[in-house]
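Here is what each chain is made of, one letter per residue.
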Amino acid sequence: MAKKILGSNFKSEAILHSYKKSFNGFVMKLTEEEAEMMAEMEDVVSVFPNKKNRLHTTRSWDFIGFPQQVKRTNIESDIIVGVLDSGIWPESQSFSDKGFGLPPNKWKGSCHNFTCNRKIIGAKYYNIEGSYDKDDIRSARDSNGHGSHVSSTIAGNVVESASLFGYASGSGRARGGVPSARIAVYKICWSSNGCGDADILAAFDDAIHDGVDVISISVGGSEPLPFAYFEDAINIGSFHAMKRGILTSNSANNMGPDFSSMTNYSPWLLSLAAATIDRKFLTKVQLGNGITLEGVSINTFNLKNKMFPLIYGGDAPNTAGGYNSSLSRYCYKNSLNKHLVKGKIVLCESILLPTEIELLSGAVGMIHGAISPKDLPNNYAVPSTFLTLRNFKLVYSYSVSMRNNATATIFKSDEVRDSLAPYVASFSSRGPNPITPNILKPDLAAPGVNILAAWSPISPISEVKSDKRLVHYNIISGTSMACPHATAAAAYIKSFHSNWSPAMIKSALLTTAIPMSATLNPEAEFAYGAGLINPIKAANPGLVYDINEADYVEFLCQEGIETEKLRILTKDHSSCKKVAKTESVYDLNLPSIALYTNVSSYFTRIFHRTVMNVGSATSTYKVKVMCPSFLDIQVRPDTLWFESIGQKKSFSVIIEGSINVAIASGSLIWDDGTFQVRSPIVVFSQSPVPPFIFL
């Protein structure tokens, strides 16, 4: 194929990588014109650029009701979790193999330029472009910290007395959700070039072949641009994993709270939003006039109550470097005059990542504020805090009134209880699904704010190179932290039900989720999906909704995939010609229901669903429906009788009415007195803006 495109210019080294183990594909350098020619070839499903993805950057398990002493099976030690991330720090106590036996016989993986043990049983790395930063380690060893944090959240050992300089020490230990499980590491993320699609696909290819049971990938695009399902590496890789019985858990992304700000929406993926736990950090500022204001950050520095001169970033532009006050007011890296800010606390009109600010040109500290949300407690390389816009204006007014005599200090953070938790963090990306609006995304929420877990001791806690604070455990936030919680919950279910399909595991997690508050999250299900994960209940859900490859094939036909390309994916004689292209999405057997409609237009829509009994052999389930009064939701039949495990029953959900609001939420619950199997229902209009109606 490459020869046909390049002709006499073809050389074998033009093929950078070939995927052969789990699916067919290759990586090569092409011009846009050549790529278009390749896309038109008969056996090509898709051609897409090697876009760069990014990482989506304990007490959390106890908070969701999943204690260390929970019921477990011996099978847990045979569960292998494939983690696609920035690598792992193998010397961490979280990854000791003390007490572990030999890896499961099914394991086919290996370790490249890395010494594995009986806990970390696989370690590979991928950098197809061959571009490395001086800080990159050419092995699966983690120089960033993110991958170690994710892996230990999933399957880290119980480590006593873990904390970040004493913070988050209340539970006295750090642990993963499935501490007996094995870890297979696939390093796809680098300091030099992020997490490339080509490397992601190579990792999926190997992980599927190696024999992992669950895949976790806390990675996604850097912009909220929806790609067709087969023009994105994560969607493609997870589809092939699904075909082999492997569920993929993926972070929703950190571009909220805007609607449709996720980057992966495929129905075979488990998509995770980030929820808070009952731990938060507050950092106070005291001004020279005695006023004390409360902000948000994780500040481990102690200025010992010493007052420092206060300066507004807009008054200290680095004009020699080409910056003016319109930029220096935001404190962008290199935008400040280091002579003017040295030894002072700087006022900044922005929320920037620690790596976007670094050491702030020699300043003592930073006070920043903006209209933007403030529930992402960053850890900066200098003493810092975020203030609400109102409080920030108070500080600014004080600094102006005092001219050159304004002073302030920043205190160490206080760890306090968040009584409103759980709610979805503002940074967590939202739905709805812009590709297929009638599929609800995200699927679930899981703890993703202020999570303590393992870290790479060569990576500063702020990830700023000049920061000298090096630790073995760090507290960070992001949907990247939510994803491994759900991965561990899926692995936990798998340890009880080794023969369950990915869709059955996903169904168990969704139908047992703890409902969350639409008052705290007005985007409702587009913020939290079915709700907060509940692993203990998910291991015994009563009923499950299953989906097989053929069902997804029908769905893909409805999405417009051509029969020829479909057969390349399925490697059989599947055809789209017999599929009713307007109906299959409503019949895709998901454990949730979403209906996209026009405001004020009367509608009738029928959804078909099938449940399988995995609870009591003999049981009778009756339906309960909750919905707003302007909707009429009927379920036929309204009672399901089961006489054996594995028996299936089908039903229809008829939704009628019209809405004059953006989002109307409800639920459908099958209840036999022991199990309550809940499915969220969302009816929404073309543009999800207030008002909302919830029940």
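This text gives an overview of the structure that appears in the document. Computed from a prediction, not measured in an experiment: that's the story for all the values here.

Thresholds applied
- Residues numbered from 1 in each chain as written.
- Predicted model: local features only at pLDDT ≥ 70, side-chain atom pairs only at ≥ 80, totals over all residues.
- Heavy atoms only, no water.
- Disulfide = S-S within 2.5 Å.
- Buried < 20%, exposed > 50% of the residue type's maximum accessible area, 1.4 Å probe, protein only.
- Helix = DSSP H or I, 4+ residues; strand = E, 2+ residues; numbered from the N terminus.
- Core = buried A, V, L, I, M, F, W, Y, C linked by side-chain atoms within 4.5 Å.
- Contact = heavy atoms within 4.5 Å.
- Axes fitted to C-alpha atoms, helices over the stretch in contact; angles between N-to-C directions.
- Parallel < 35°, antiparallel > 145°, perpendicular 65-115°, else oblique.
- Nonpolar A, V, L, I, M, F, W, Y, C, P; charged D, E, K, R; others polar.

Digging into the state of the cysteines
Here is step 1 of the chain: Overall, the coordinates contain 3 disulfides when judged by the stated rule.
Here is step 2 of the chain: Disulfide pairing places Cys189 opposite Cys195 at an S-S distance of 2.1 Å. The S-S bond linking Cys189 to Cys195 shows a torsion near 115°; that makes this disulfide right-handed.
Here is step 3 of the chain: The class of Cys189 is buried, set by a relative accessible area of 5%.
Here is step 4 of the chain: Between the sulfur of Cys331 and that of Cys348 lies a disulfide, 1.9 Å long from S to S. Judged by the sign of its S-S torsion, about -85°, the cystine formed by Cys331 and Cys348 is left-handed. Taken together, the residues span a long stretch of sequence, with Cys331 in the loop between helix H7 (325-328) and helix H8 (338-341) and Cys348 in strand S18 (residues 345-348) at a distance of 17 residues. Neither Cys331 nor Cys348 differs from the other in exposure class; each is buried.
Here is step 5 of the chain: With no disulfide of its own, Cys483 lies 12 Å from the sulfur of Cys189, the closest cysteine sulfur.
Here is step 6 of the chain: The buried category is assigned to Cys483, whose relative accessible area is 0%.

Description of the nonpolar core
Here is step 1 of the chain: Grouped together as the largest cluster of nonpolar side chains are 83 residues, with contacts concentrated most on Leu444 and Leu509.
Here is step 2 of the chain: By residue number, the principal contributor to this core is helix H11 (residues 479-496), which donates 9 residues.
Here is step 3 of the chain: The contact partners of Leu509, leaving out residues within four places of it in the chain, are Leu270, Leu444, Ala486, Ala489, Ala490, Ile493 and Ala538.

Quick look at the packing of helix H5 (residues 197-210) against helix H6 (residues 233-243)
Here is step 1 of the chain: Interhelical geometry of H5 versus H6 gives an angle of 10° and a closest axis separation of 9 Å. One element, H5, and the other, H6, form an angle in the roughly parallel class. Residues Asp197, Ile200, Leu201, Phe204 and Ile208 of H5 form the contact with H6, whose participating residues are Ala233, Ile234, Ile236, Gly237, Ser238, His240 and Ala241.
Here is step 2 of the chain: By residue class, the composition of the contact of H5 with H6 is 8 nonpolar, 3 polar and 1 charged.

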